[in-house]
Amino acid sequence: MHDLADKNKYVGFLFMRINPEYFALGREGIHEVSAEHARDLGRFAKQLTHVVTTGVNGKYDQVTMVEADTLEEINAAATAFRMGNKARYIEIVDIVVGMKAPPRGLANRSSRPS
């Protein structure tokens, strides 16, 4: 780990595709799958932000953002998703992990006293 890891959170972006079979479940079926999914991932609830997307090429249907103190937490959330109930219908096709940058003014300051 480096110095920034002690001060800044990691951020993972999970890019997903939704199988058309998911929508064929209908409202009640989707609700049932989603409720079970929410129970499975409840321990990560404070770290997850869902961004439903649309675009010109339709490469991704959903992007989930995971914010965590460690890379292990991001891995645990992604693994829990892949092993969960909704994984039958939603596939993680790409993952990007990075770190939140420090505020610009602080990033360029020297750590030496003046």
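Summary of the structure given here. Given the structure is predicted, the values throughout are model-derived calculations rather than measurements.

### Brief notes about a negative patch on the surface
Step number 1: A cluster of acidic residues, E28, E32, E36 and D40, forms a negative patch at the surface.
Step number 2: Residue position: E28 is located in helix 3 (residues 26–40).

### Some thoughts on the pattern of salt bridges
Step number 1: Enumeration according to the criterion identifies three salt bridges in this entry.
Step number 2: The closest approach of N and O atoms between D69 and K9, which form a salt bridge, is 2.6 Å. Placement of the pair is D69 in the loop between strand 3 (62–68) and helix 4 (71–83) and K9 in the loop between helix 1 (3–7) and strand 1 (10–18), with a sequence separation of 60 residues.
Step number 3: In this structure, E67 and K100 form a salt bridge, with 3.1 Å as the shortest nitrogen-oxygen distance. You can see E67 sitting in strand 3 and its partner K100 sitting in the loop between strand 4 (90–99) and helix 5 (104–107), a full 33 residues away along the chain.
Step number 4: According to the relative accessible area criterion, E67 is partly exposed, its value standing at 24%.
Step number 5: Its relative accessible area of 41% is what places K100 among the partly exposed residues.

### Looking at the packing of aromatic side chains
Step number 1: On inspection of all chains with the given rule, the structure shows three aromatic pairs.
Step number 2: Grouping aromatic residues by their ring pairs yields a cluster made of Y22, F23 and Y89.

What counts and what doesn't
- Residues numbered from 1 in each chain as written.
- Predicted model: local features only at pLDDT ≥ 70, side-chain atom pairs only at ≥ 80, totals over all residues.
- Heavy atoms only, no water.
- Patch = residues over 30% accessible without salt bridge, like charges linked within 9 Å, V, L, I, M, F, W, Y side chains within 5 Å.
- Areas by Shrake-Rupley, 256 points an atom, 1.4 Å probe, with all protein chains shown as cover.
- Salt bridge = Lys/Arg side-chain N within 4 Å of Asp/Glu carboxyl O.
- Lys, Arg positive; Asp, Glu negative; His and termini not counted.
- Charge placed at Lys NZ, Arg CZ, Asp CG, Glu CD.
- Helix = DSSP H or I, 4+ residues; strand = E, 2+ residues; numbered from the N terminus.
- Buried < 20%, exposed > 50% of the residue type's maximum accessible area, 1.4 Å probe, protein only.
- Phe/Tyr/Trp six-rings, centres within 6.5 Å; stacked < 30°, edge-to-face > 60°.

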